Every structure is written in C-alpha cells, then in structure tokens.
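Breakdown of the fold
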Amino acid sequence: MFNKLKYDLDKIMENDPAARNRIEVFLLYPCVHAVLWSRIAHFFYKSKMFFLARLISQLARFFTGIEIHPGAKIGKGLFIDHGMGVVIGETAEVGDNVVLYHGVTLGGTGKHKGKRHPTVGNNVLIGSGAKVLGPVKIGDNVKIGANAVVLTDIPDNCTAVGVPARIIPPRIGEKNIIDMKDYMK
C-alpha cells in the first residue's frame, strides 16, 4: 500500500508543475484523498460490504468533490487535476498513469446490468468536461479533448475530440501509428 501511495504521489509530482513536494501533495490534493478512500471502499465492496463501501465513497465525495463508485477498478498513478465534479461509475476500469481533469464523467448510458461503464487504458489523458459513456474501450496512450463526448471505442495512440468524439489525424511530425482511413468518415 505504501509503495502504491508513493507511486501515486510521484506521478502527481511529475504531472503537476504546481506540486512542490510529496507532503504538500499528500495533505492538500483532493485526488490523493479520493483515490485512497476509493481503494478502501473498493476493498469493502469486494468483500460484499456494500453499505460500508458506499458510505466511505460518499464521505470521500463530500470532502473532495470527486465521486468514485466503490465498484470501480482504479490503477496506479491516477491523477485527477482540479477534480471537482469528476464521476467514475461502478463498472468503470481505469488503467495506470491516467490523467483526468475537472468535470470528467466515466459513466453509463442506461439501466442495463453488467458492464456499463468505460474501460480506460494506460497513459490516457481526458480533458476537462469530457464524457466517456457506456461500455466503451479507450486504448493506451489516448488523448481525449475537453468537452468531448465519447460513445464508441477509441484505439491505442489516438486523439479524439468533439461531440460526438471523432479521431483526428496526428499533427505533422508525429508518428502515424494507425491507419487513419479506418477511423475517418
């Protein structure tokens, strides 16, 4: 647990130029508290102690403004910058080294049972106000623009923007890892 916390703090230090030291980050960054409480709530959720899990997650939401359902699976190195209004749903899975900005929703699209929230890969950045909805898969190394609405899968190494989100071609000089003809309409 301590190694995971140290890793999380180091990732925040790496991603936030305003972060001065680990102690400041640990004490003053709401995302650290939200993720710590989320991990505790997730333990109780897996132990089928649903009321206690939800109580912990709701207390964390009250104090941080970040709502992470205790059923969500959170990888290491999650950085939620200016996290007010971030929502991560019950069946969401968030990979390692993910950056979420304020107002991001990883939500469902209906009341059906089973997997109904996104799966987010590793090294993903999701911009302010973006909504990723339904059981979609977001690949590794993906960037999702601010206020985008993602309703379909996004493959590895892509950038998606707009409402609804569409994949945009890489800028001149960037590697074109995928064949963009497959994703442009």
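Residues numbered from 1 in each chain as written. Predicted model: local features only at pLDDT ≥ 70, side-chain atom pairs only at ≥ 80, totals over all residues. Heavy atoms only, no water.

**Brief notes about the environment of K143**
Convention followed: Secondary structure elements follow DSSP: runs of H or I no shorter than four residues count as helices, runs of E no shorter than two count as strands, and numbering proceeds from the N terminus. Categorising residues by exposure relies on relative accessible area from a 1.4 Å probe, with only protein chains included: less than 20% of the type maximum marks a residue as buried, more than 50% marks it as exposed, and the intermediate range marks it as partly exposed. Any two residues whose heavy atoms approach within 4.5 Å at even a single point are treated as in contact.
If you trace the backbone, K143 turns up in strand β12 (residues 143-144). Residue class for K143 comes out partly exposed when judged on its relative accessible area of 47%. Sequence separation between K143 and I126 is 17 residues; the distance between their C-alpha atoms is 6.0 Å. When sequence neighbours within four positions are dropped, the list of residues in contact with K143 reads L125, C158, T159 and A160.

**Side note on the sheet that holds strand β10 (residues 131-133)**
To keep things clear, this is the line we draw: Strands pair, by our definition, only if DSSP identifies at least two bridges between them.
Here five strands make up an open sheet; going across it, the order is β1-β4-β7-β10-β13 and the pairing parallel. With one partner strand each, in any of the chains shown, β1 (67-68) and β13 (149-150) form the two edges of the open sheet.

**Some details on a nonpolar patch on the surface**
Quick reminder of the rule: Candidates for patches are residues over 30% relative accessible area with no salt bridge; among them, like charges are joined within 9 Å and nonpolar side chains (Val, Leu, Ile, Met, Phe, Trp, Tyr) within 5 Å. Each accessible area is a Shrake-Rupley result for a 1.4 Å probe, and residues are judged covered by the shown protein chains and nothing else. We define a salt bridge as a side-chain nitrogen of Lys or Arg found within 4 Å of a carboxyl oxygen belonging to Asp or Glu.
Together, F51, L55, L59, F62 and F63 make up a nonpolar patch on the protein surface, roughly 650 Å² of accessible area in all. Mapped onto the secondary structure, F63 falls in helix α4 (residues 50-64). Given the relative accessible area of 65%, F63 is considered exposed.

**Looking at α4**
Stated precisely, the cut-off is as follows: To estimate the expected span of a helix, subtract one from its residue number and multiply by 1.5 Å. Note that the arc is defined by the directions from the helix axis to the C-beta atoms.
With 15 residues, α4 extends 21 Å between its outermost C-alpha atoms, agreeing within 8% with the 21 Å of an ideal straight helix rising 1.5 Å per residue. Along α4, the positions that sit buried rather than exposed are A53, I56, S57, A60 and T64. What you see down the axis of α4 is that its buried residues fit within an arc of 95°, all on one side. Turned more than 90 degrees off the buried face of α4, the exposed positions are F51 and F62. The inward-facing, buried residues of α4 abut α3 (30-46) and β1. Residue G65 follows α4 closely and has a positive phi angle near 80°.

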